[in-house]
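Notes for the structure review
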Amino acid sequence: MIVTNTETIAGYRIVELRGLVQGNTVRAKHAGRDIAAGLKNLIGGELKGYTELLTESRRQALERMLAQAQQLGANAVVNVRFTTSAVTSGAAELYAYGTAVVAEPSA
Amino acid sequence: MGEIAFQVGFFLFFIILGYVAGTIAERRHWANLAEREASNGEFLVTQLKSFPAFVTGSTPPQLIVAESAIGSDYFKTFLAKVRGLFGGEVRSYQSLLDRARREATQRAIEQARQLGYNALCNLRLDSADIGGNSKSSKGIAMVTIIASATAYHFHAPAS
């Protein structure tokens with residue numbers, strides 16, 4: 001599966017459109033992480049717990065999106081975008097969406 | 001009376017702790033970023049939707065996503081609150097945004113490089129909302145950035 005956030009794929013030709021595919025997830029870290037982040041907020045620096053939270057959420061949202069694309073018989077997803085929204089504090093909603101297509105090498 | 005002195009003491013302690021530790025963390029991060037940016041200097045990064053100087057490589061173009069979350073310190077948060085009373089430019093938070101963006105960009109470059117690519121196009125930087133907004137009672141002041149880009153192989157001009 002080829003995934004890009006551009007509308008085209010260099011070296012490939014898009015031969016068929018399969019429509020919008022999407023995946024979302026709402027994830028939270030355990031309370032310990034939130035407390036650690038609160039303490040880190042006194043001294044500054046990277047909040048690793050929240051970086052991890054974002055990475056995990058993004059992976060899950062992408063996986064769900066790709067599963068949809070596979071069901072539609074696509075072999076590529078183009079123009080992938082991410083948006084987030086704050087549901088409650090400490091939780092992240094991550095939404096990934098893109099266009100499922102069938103692409104073949106142009107040569 | 002004693003209680004007030006105790007509270008003021010605590011406040012001052014946190015301010016000084018925030019200032020000292022925050023400044024050290026910030027300097028270190030800046031030095032680290034400058035070093036990585038220098039070593040990734042020849043890596044082509046654009047935010048163009050096309051693929052400048054594309055060459056067919058062993059692998060097709062691929063989505064790269066990287067994130068970073070940088071927290072504020074007590075001193076900066078306090079400065080920002082004071083600024084909120086008078087209005088105007090909140091300079092103490094600008095460094096956070098700058099560092100978070102640069103960090104996410106460098107991480108994206110490093111990921112792409114590990115996968116054997118030598119260029120990124122269509123780099124997008126979005127801020128993510130987690131940890132609630134700053135208006136909530138225990139809101140944590142931080143900046144979270146998601147960088148997404150497409151990695152590909154490009155033909156490096158012979159120098």
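Just above sits the structure.
Residues numbered from 1 in each chain as written. Chains lettered and ligands numbered in written order. Predicted model: local features only at pLDDT ≥ 70, side-chain atom pairs only at ≥ 80, totals over all residues. Heavy atoms only, no water.

A few points about the overall build of chain B
Looking only at helices and strands, one finds three helices and four strands in chain B. Along chain B, from the amino end to the carboxyl end, the secondary structure elements read α-β-β-α-α-β-β. Overall size of chain B, expressed as C-alpha extent along the three principal axes, is 75 × 30 × 25 Å. Within chain B, buried positions represent 40% of all 159 residues. Pairs at least 24 residues apart make up 82% of the contacts formed inside chain B by residues separated by at least 6 positions. Carbon and sulfur atoms provide 60% of the accessible area of chain B, an area that totals close to 8800 Å². Charge centroids of chain B, computed over 16 positive and 13 negative side chains, lie 3 Å from each other. (Helix = DSSP H or I, 4+ residues; strand = E, 2+ residues; numbered from the N terminus. Buried < 20%, exposed > 50% of the residue type's maximum accessible area, 1.4 Å probe, protein only. Contact = heavy atoms within 4.5 Å. Areas by Shrake-Rupley, 256 points an atom, 1.4 Å probe, with all protein chains shown as cover. Lys, Arg positive; Asp, Glu negative; His and termini not counted. Charge placed at Lys NZ, Arg CZ, Asp CG, Glu CD.)

Side note on the overall build of chain A
Helix and strand counts for chain A stand at two helices and five strands. The helix and strand sequence of chain A, counted from the amino end, reads β-β-α-β-α-β-β. Computed over its C-alpha atoms, the radius of gyration of chain A comes to 17 Å, more than 25% above the 13 Å expected for a compact globule of 107 residues. By principal-axis analysis of the C-alpha atoms, chain A measures approximately 55 × 25 × 15 Å. Considering chain A as a whole, with its 107 residues, one finds that 46% of them fall into the buried category. Of the contacts made within chain A by residues no fewer than 6 positions apart, 75% connect residues no fewer than 24 positions apart. In the form shown here, chain A has an accessible surface area of approximately 5000 Å², with 52% of it arising from carbon and sulfur atoms. Once the 11 positive and 9 negative side-chain charges of chain A are each reduced to a mean point, those two points are 4 Å apart. (Rg over C-alpha atoms; globule rule 2.2 N^0.38 Å.)

Points about the pattern of salt bridges
Summed over the entire model, instances satisfying the criterion amount to 15 salt bridges over all chains. Here B:R107 and A:E46 are joined by a salt bridge, their closest N and O atoms 2.8 Å apart. You can see B:R107 sitting in helix α3 (residues 91-114) and its partner A:E46 sitting in strand β3 (residues 44-46), one on each of two chains. Judged by relative accessible area, B:R107 falls into the partly exposed class, the value being 21%. One salt bridge in this structure joins B:E26 and B:R99, with 3.5 Å as the shortest N-O distance. Taken together, the positions of B:E26 in helix α1 (residues 2-39) and B:R99 in helix α3 put the pair 73 residues apart, joining distant regions of the chain. On the basis of relative accessibility, which here comes to 11%, the residue B:E26 falls in the buried class. Assessed through its relative accessible area of 3%, B:R99 is described here as buried. Taken together, the shared-partner salt bridges in this structure form one network comprising A:E46, B:R36, B:E103, B:R107 and B:E110. (Salt bridge = Lys/Arg side-chain N within 4 Å of Asp/Glu carboxyl O.)

Focus on the packing of aromatic side chains
All names here are of chain B. For the structure shown, the criterion picks out eleven aromatic pairs over all chains. With a centroid separation of 6.3 Å and an interplanar angle of 70 degrees, the aromatic rings of F11 and Y74 are classed as edge-to-face. With a gap of 63 residues between them, F11 in helix α1 and Y74 in helix α2 (residues 74-86) connect regions that are remote in the sequence. Accessibility expressed as a relative area gives 32% for F11, which makes it partly exposed. Using a relative accessible area of 27% as the deciding quantity, one classes Y74 as partly exposed. Between F13 and F14, the ring centres sit 5.7 Å apart and the planes meet at 55 degrees, which makes this aromatic pair tilted. Owing to a relative accessible area of 22%, F14 belongs among the partly exposed residues under this scheme. Taken together, F6, F10, F11, F13, F14, Y74 and F78 form an aromatic cluster joined through their ring pairs. (Phe/Tyr/Trp six-rings, centres within 6.5 Å; stacked < 30°, edge-to-face > 60°.)

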